[in-house]
Amino acid sequence: MTALRGLAFLLLLQAAGEGLTHALALPFPGPVVGLVLLLPALQVPWIASPVAAMAELLLTHLSLLFVPVVWA
């Protein structure tokens, strides 16, 4: 359950980055702005703990994200 809360925080920050990028017409991609927003958010313990749990889950299954494309 904690990892799902961490995923929700990550997706919320990415959406906030996308929103700021479109609203302010910034020349940066939205996910980059979301990562910049994540940096100060990680100083809050009730955000850092679920995000750390989600990071651990993603890192354990990282090899699944790099499956090569096979052409038939």
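Structure shown above.
Residues numbered from 1 in each chain as written. Predicted model: local features only at pLDDT ≥ 70, side-chain atom pairs only at ≥ 80, totals over all residues. Heavy atoms only, no water.

Undergrad: Just checking my understanding: could you explain helix 3 (residues 45–60) for this structure?
TA: Helical geometry note: an α-helix holds 3.6 residues per turn, so side chains three or four residues apart project in the same direction. Between its terminal C-alpha atoms helix 3 stretches 23 Å, which fits the 22 Å expected from 16 residues at 1.5 Å a residue. Every buried residue of helix 3 is accounted for by I47, P50, V51 and M54. Considered in projection along helix 3, the buried side chains sweep an arc of 100° and stay on one side of the axis. Exposed and oriented more than 90 degrees from the buried face of helix 3 are P45, E56, L59 and T60. (Helix = DSSP H or I, 4+ residues; strand = E, 2+ residues; numbered from the N terminus. Expected span 1.5 Å × (residues − 1). Buried < 20%, exposed > 50% of the residue type's maximum accessible area, 1.4 Å probe, protein only. Arc of directions from axis to C-beta.)

Undergrad: Honestly, the nonpolar core in this entry has me stumped. Any pointers?
TA: General note: in soluble globular proteins, nonpolar side chains tend to be found buried as a group. With six residues, the main nonpolar core is built from F9, L13, L38, A41, I47 and V51. Elements with a minimum of two residues in this core: helix 1 (2–24), helix 2 (30–41) and helix 3. Excluding residues within four positions of it along the chain, I47 makes contact with F9 and A41. (Core = buried A, V, L, I, M, F, W, Y, C linked by side-chain atoms within 4.5 Å. Contact = heavy atoms within 4.5 Å.)

Undergrad: Which parts of the structure should I look at to understand helix 1?
TA: For helix 1, with 23 residues, the first-to-last C-alpha span of 33 Å sits near the 33 Å given by 1.5 Å per residue. Following helix 1 by one or two positions, A25 has its phi on the positive side, about 55°.

Undergrad: What am I meant to see in the packing of helix 1 against helix 2 here?
TA: For any two helices packed against each other, the geometry is given by the interaxial angle and the distance between the axes. Running from N to C, helix 1 and helix 2 point in directions that differ by 125°, and their axes come no closer than 7 Å. The angle between helix 1 and helix 2 falls in the class oblique. Where helix 1 crosses over helix 2, the two elements pack in a sense that is right-handed. Along its contact with helix 1, which presents L10, L13, Q14, A16, G17, E18, L20 and T21, the element helix 2 presents G30, P31, V33, G34, L37, L38 and A41. (Axes fitted to C-alpha atoms, helices over the stretch in contact; angles between N-to-C directions. Parallel < 35°, antiparallel > 145°, perpendicular 65-115°, else oblique. Left-handed = near helix turned anticlockwise from the far one by under 90°.)

Undergrad: I tried to follow a nonpolar patch on the surface on my own but got confused; where do I start?
TA: Judged by side-chain polarity, L20, L24, L26, F28, V32 and V36 come together as a nonpolar surface patch covering roughly 520 Å² of accessible area. Secondary structure elements with two or more residues in the nonpolar patch: helix 1 and helix 2. Within the element layout of this structure, L26 appears in the loop between helix 1 and helix 2. The class of L26 is partly exposed, set by a relative accessible area of 31%. (Patch = residues over 30% accessible without salt bridge, like charges linked within 9 Å, V, L, I, M, F, W, Y side chains within 5 Å. Areas by Shrake-Rupley, 256 points an atom, 1.4 Å probe, with all protein chains shown as cover. Salt bridge = Lys/Arg side-chain N within 4 Å of Asp/Glu carboxyl O.)

Undergrad: Help me understand the environment of V33 in this model?
TA: Locating V33 in the fold gives a position in helix 2. For V33 and S49, which are 16 residues apart along the polypeptide, the C-alpha to C-alpha distance reads 21 Å. Setting aside its immediate chain neighbours within four residues, V33 contacts G17, L20, T21, L26 and F28.

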